[in-house]
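# Chain and residue survey
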Amino acid sequence: MADCFYRRGVPKIQRSPASFPGNLHLVLVLRPTSFFHRTVTDIGFRFSQEDFMLKMPVVMLSSVTDLLRYIDENQLTSEFGGTLDYCHSDWIVLRTAIESFAVTVKDIAQMLQGFGTELAETELPDEGKAIEYLLDCHTTKYRKLKDAIRSVSKEGRHLLSSLATSGKEDDSQWDVKLDWETVQRLLAQLRDMESAFDGFFEKHHLKLHQYLQLLKYEQSFQELCLEHLVAQERELSIHVDTLAQTEQGLKRLDTLECNAQDVMARAQIIILHGHQLSANHHYAMALIMQRCNELRHHCDTLNCALKTKHSRLLHAHQLLLCLGQAQTWCDEGAYLLASQLVDKFQSKEGAQAALRDIEKFLDGAPSMLSSGPDVIAVEYEAVITPQLQVRTRSLFNRQACLRKLADKHVRPVQLVAPRPENPPRAKSPLFSPNHVMRELIETERIYVEELLSVLLGYRAEMDNPALSGILPPILRSKRDILFGNMPEIYNFHSRVFLQALEGCLEAPEGVGACFLDRKESFQMYECYCQNKPRSEALWRQFSDCGFFQECQKKLEHKLGLDSYLLKPVQRLTKYQLLLKELLKYSTDCEGTSELQGALTAMLDLLKSVNDSMHQISITGYEGDICELGRVLMQGSFSVWLSHKKGATRMKELARFKPMQRHLFLYERALLFCKRREEHGDGCDKTPSYSFKHCLKMTAVGITENVKGDVKKFEIWYSGREEVYVVQAPTVEVKMAWLNELRRILTNQQKLLRGLWEHHMLYVI
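Residues numbered from 1 in each chain as written. Predicted model: local features only at pLDDT ≥ 70, side-chain atom pairs only at ≥ 80, totals over all residues. Heavy atoms only, no water.

The name recorded for the chain in an unreviewed UniProt entry is MCF.2 cell line derived transforming sequence a, from Anabas testudineus. UniProt annotates the chain under Sequence similarities (unreviewed entry) with the comment "Belongs to the MCF2 family." (UniProt positions renumbered as here; feature names shortened; annotations may be inferred.)

Encoded structure:
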């Protein structure tokens, strides 16, 4: 039927070829039966015969019987004497239904696209109820769209069923088969769109739900009032001068400890909740675990501080009781010597009796007075105040005076030092440089002892034949992974650094130089921290084996090996805290600049360790990453990419949400990476960053503000050929990155300007 065309009359012949979709090779004209119509047809054909002859051959037929000689009867309808069952109105209805279905599928696609764009561009509020309202609205719209998709799918299946029925009745209807394939293809597209839409909404809904969880978790974290308890603990002074003050302090401390136990119990619930969120793969797992660690650290610190103050207040109470007993003894001695009657000494017996009384009294002196003031000062160093020191020395002076007077056998009324009614009061600071130095040295000794216990009690025990039966063979070959370079760290601290710190005990001003002179040695911690993920993975794999349990039992450690493997990381953090404390009492003093330099060095080391631990996980970068210079900053951001010529890829047009990228800023380049889930097996299971793109800093520019979001800024490349809109997690993070980017770009401009001026000078 694509090679020939048949119609009654010439006018129809003139209209039909222009609209017929195939190529016409032959025209069959069936002449009307009436004389009038036949005459009109012949005349009309003569007028147009020349046009038709130029375009295609035309055959004039006198009857339907002649038509059957050219076309088989099963290809002709009953109108032309054939057997083809064809109803043009039914065909129109079917084609209209198919076209309508195609338009509806297109409309559904546009609706899904619009809803996806709406979800991607929605600004997340910072209030829980607003998030819940947003979740409800999005879910309602999602269900409506799902209902629309189901309705359209049902319509398509019904249409497909109708076409299938028509095709079974007559397999020769090729156009029905094509229509069936068209509807089938549209249904497949609809299913694919629905599947993609379901996946996208599920991820969006999960992200929004997790964001709500994060808000509530942050709220519970902020509402814990732990800082208020810490402030109360700091305000509670252990430096007391009287028993009344001590008892009042103990009473306040008991109340504070009771409140702290309640708050810390709630803190444990929050920590448990945080671990549950992390176990469910919350997208903010790092932040949540940071909060958990902060909370645990604050609780441990507060609990330790309360116990220390309780112990010291009890110690002070004991000191004051002893001082009270000594004071009473001195008062009784003064009264005894002053009350001796002169007439007693007129006889030998009376004098001997008086001497025996005095000797008996002296023998009953409190044990405290037999120690000496220096011993008392050392024994009660943590709690003794200047006023108590004065009082103690006064008591020892009175004791010496009493013994001297007793030896001379005279009445000592005028010579016994009177008990001061209003002893001088003096306030001592809560801390001092000497106190901080003692804490630094004491904790350093403990740290060295703990490292040694791990190396002897665990690492060396791996070579003990008696324990070989409970030690997995693979552990012995991987102990360098489990313990890292802890032996090197121990040797440095035990042989070098501890001795250097002990030399600063009486000269705290030299501690800054002590750190700075060994700044390079501390780089060994970077190696230890880079190995930490592999060590932790190995520990998780074998933590339940009998070897570790037996070693812990022998060492009588309350905590497992993993807690001690964390000690070097914790020690780095402790150094910067103690250095900050020393700086408080060293303003404008000797060694202050070195102390500030030491603090900066420790903070830089902590940042360098953190950044390098991320950098070693970059995969897929083909060049030498060392050529990019030192890594300056790293962090995760939301990123949108646009091109100067506009988006040209369908993938970019259909993107509902921004790319999540981890950025590494080097001195010479900016790397865009994608964080991958943990991969590998056993101790090799580590997170990684898949390299995506590299921007040379010589071709980078920045726009500091983006309309609509204070956390966004632009990084553009090669004259805005590529523009990256970057959204930071906070405004503070944004400003930190902008400051570093500005510094790099400014230094580049200065360098280029210097090279240009040098070149011009050379030319002149």
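Summing up its helical and strand segments, the chain has 24 helices and 11 strands in all. The buried share of the chain, reckoned over its 764 residues, is 39%. In the chain, of all internal contacts separated by at least 6 residues, the share reaching a separation of at least 24 is 70%. As presented, the chain carries roughly 44,400 Å² of accessible surface, and 54% of it is formed by carbon and sulfur atoms. (Helix = DSSP H or I, 4+ residues; strand = E, 2+ residues; numbered from the N terminus. Buried < 20%, exposed > 50% of the residue type's maximum accessible area, 1.4 Å probe, protein only. Contact = heavy atoms within 4.5 Å. Areas by Shrake-Rupley, 256 points an atom, 1.4 Å probe, with all protein chains shown as cover.)

What follows concerns the packing of aromatic side chains. By the definition in use, this model includes 21 aromatic pairs. Taking 5.4 Å as the distance between ring centres and 80 degrees as the angle between the ring planes, the aromatic pair formed by F492 and F522 counts as edge-to-face. A residue pair is termed long-range when its members are at least 10 positions apart, and F492 in helix α16 (residues 486-502) and F522 in the loop between α17 (511-516) and α18 (524-542) qualify at 30 residues. In this pair, the class of F492 matches that of F522, namely buried. Of the aromatic side chains, those joined through ring pairs into one cluster are F492, F497, F515, F522, Y525 and Y575. The ring of F221 carries the charged tip of R291 above its face, separated from the ring centre by 5.2 Å. (Phe/Tyr/Trp six-rings, centres within 6.5 Å; stacked < 30°, edge-to-face > 60°. Lys NZ or Arg CZ within 6 Å of the ring centre and 35° of its normal.)

Let's shift gears to the environment of K141. Here K141 shows up in helix α5 (residues 128-169). Exposure remark for K141: the relative accessible area of 36% places this residue in the partly exposed category. Between the alpha carbons of K141 and F115 there is a distance of 8.3 Å; along the sequence they are 26 residues apart. For K141, the contacting residues outside a window of four places in its chain are F115 and E118.

Scanning the model with the defined rule gives 22 salt bridges in all. For K146, the salt bridge is made with D198, and the minimal N-O distance between the two is 3.0 Å. Pair noted here: K146 is in helix α5 and D198 is in helix α6 (residues 174-222), with a separation of 52 residues, a long-range link. Residue R743 pairs with E740 through a salt bridge whose shortest N-O separation is 2.6 Å. Taken together, the residues span about one helical turn, with R743 and E740 both in helix α24 (residues 731-763) at a distance of three residues. According to the relative accessible area criterion, R743 is partly exposed, its value standing at 36%. The class of E740 is buried, set by a relative accessible area of 18%. A single network of salt bridges, built from pairs that share partners, joins K146, E194 and D198. (Salt bridge = Lys/Arg side-chain N within 4 Å of Asp/Glu carboxyl O.)

One recurring pattern in soluble globular proteins: nonpolar side chains tend to sit buried together. With 56 residues, the main nonpolar core has L482, F515, F522, F548, L561 and Y575 as its most contacted residues. When neighbours within four sequence positions are excluded, L482 is seen to be in contact with M462, S535, L538, W539, F548, L561 and L565. In this structure, V230, L323, M368 and I376 belong to the second largest nonpolar core, which totals 48 residues. (Core = buried A, V, L, I, M, F, W, Y, C linked by side-chain atoms within 4.5 Å.)

One way to put it is that α18 packs onto helix α22 (residues 592-615) with a least axis distance of 9 Å and a crossing angle of 40 degrees. Considered as vectors, α18 and α22 are oriented oblique to each other. In the crossing of α18 with α22, the sense of the turn from one axis to the other is right-handed. Contacts between α18 and α22 involve Y525, E526, C529, Q530, K532 and P533 on the former and, on the latter, S608, V609, S612 and M613. (Axes fitted to C-alpha atoms, helices over the stretch in contact; angles between N-to-C directions. Parallel < 35°, antiparallel > 145°, perpendicular 65-115°, else oblique. Left-handed = near helix turned anticlockwise from the far one by under 90°.)

A word on the state of the cysteines. In the structure shown here, the tally under the stated rule is zero disulfides. With no disulfide of its own, C545 has C551 as its nearest cysteine by sulfur position, at a separation of 8.5 Å. (Disulfide = S-S within 2.5 Å.)

The next point concerns α22. In this model α22 runs 34 Å from its N-terminal to its C-terminal C-alpha over 24 residues, within 8% of the 34 Å that 1.5 Å per residue would give. Residues T592, L595, A598, L599, A601, M602, L605, V609, D611 and S612 constitute the buried set of α22. (Expected span 1.5 Å × (residues − 1).)

Another point: the side chain of H282. By the element assignment, H282 lies in the loop between α8 (243-279) and α9 (285-338). Among the polar contacts listed, one links the side chain of H282 to the backbone nitrogen of A284, at a separation of 2.9 Å. (Polar contact = N/O pair within 3.5 Å; in protein donor to acceptor, adjacent residues only side chain to side chain.)

Before going further, it helps to examine the packing of helix α13 (residues 433-459) against helix α21 (residues 567-584). Where α13 meets α21, the closest approach of the two axes is 10 Å, and the angle between their N-to-C directions is 170 degrees. With respect to α21, the axis of α13 lies roughly antiparallel. Contacts between α13 and α21 involve P433, V436, M437, E439, L440, T443, E444, Y447, E450 and L451 on the former and, on the latter, K567, P568, R571, K574, Y575, L578, E581 and L582. Of the residues assigned to the contact of α13 with α21, the class counts are 10 nonpolar, one polar and seven charged. (Nonpolar A, V, L, I, M, F, W, Y, C, P; charged D, E, K, R; others polar.)

Bringing a positive patch on the surface into the picture now. Residues K203, K207, K657, K674, R676 and K692 make up a contiguous surface patch of positive charge. Of all the elements in the fold, those that place two or more residues in the positive patch are α6 and β7 (669-679). Relative to the assigned elements, K674 resides in strand β7. (Patch = residues over 30% accessible without salt bridge, like charges linked within 9 Å, V, L, I, M, F, W, Y side chains within 5 Å. Lys, Arg positive; Asp, Glu negative; His and termini not counted. Charge placed at Lys NZ, Arg CZ, Asp CG, Glu CD.)

Non-glycine residue H281 carries a positive phi angle of around 60 degrees. For H281, a relative accessible area of 62% translates into the label exposed.

Below, the discussion takes up helix α7 (residues 226-235). Of all the residues in α7, the buried ones are L226, L229, V230 and E233. In an axial view of α7, the angular spread of the buried residues amounts to 100 degrees, which keeps them on one side of the axis. Among the exposed residues of α7, those oriented more than 90 degrees off its buried face are E227 and E235. (Arc of directions from axis to C-beta.)

Tracing the chain through its elements places E233 in helix α7. Setting aside residues up to four positions removed in sequence, E233 forms contacts with L256, L302, A305, L306 and K309.

On the surface, V710, V731 and M735 cluster together into a nonpolar patch covering about 240 Å² of accessible area. Along the polypeptide, V710 turns up in the loop between β9 (700-703) and β10 (712-717).

For strand β2 (residues 26-30), the tally of buried residues reaches four of five residues, placing the bulk of the element in the interior. Examined bridge by bridge, β2 and strand β3 (residues 58-61) share four bridges and lie parallel to one another. If you follow L28 over to β3, its bridge partner there is V59. (Pairing = 2+ DSSP bridges.)

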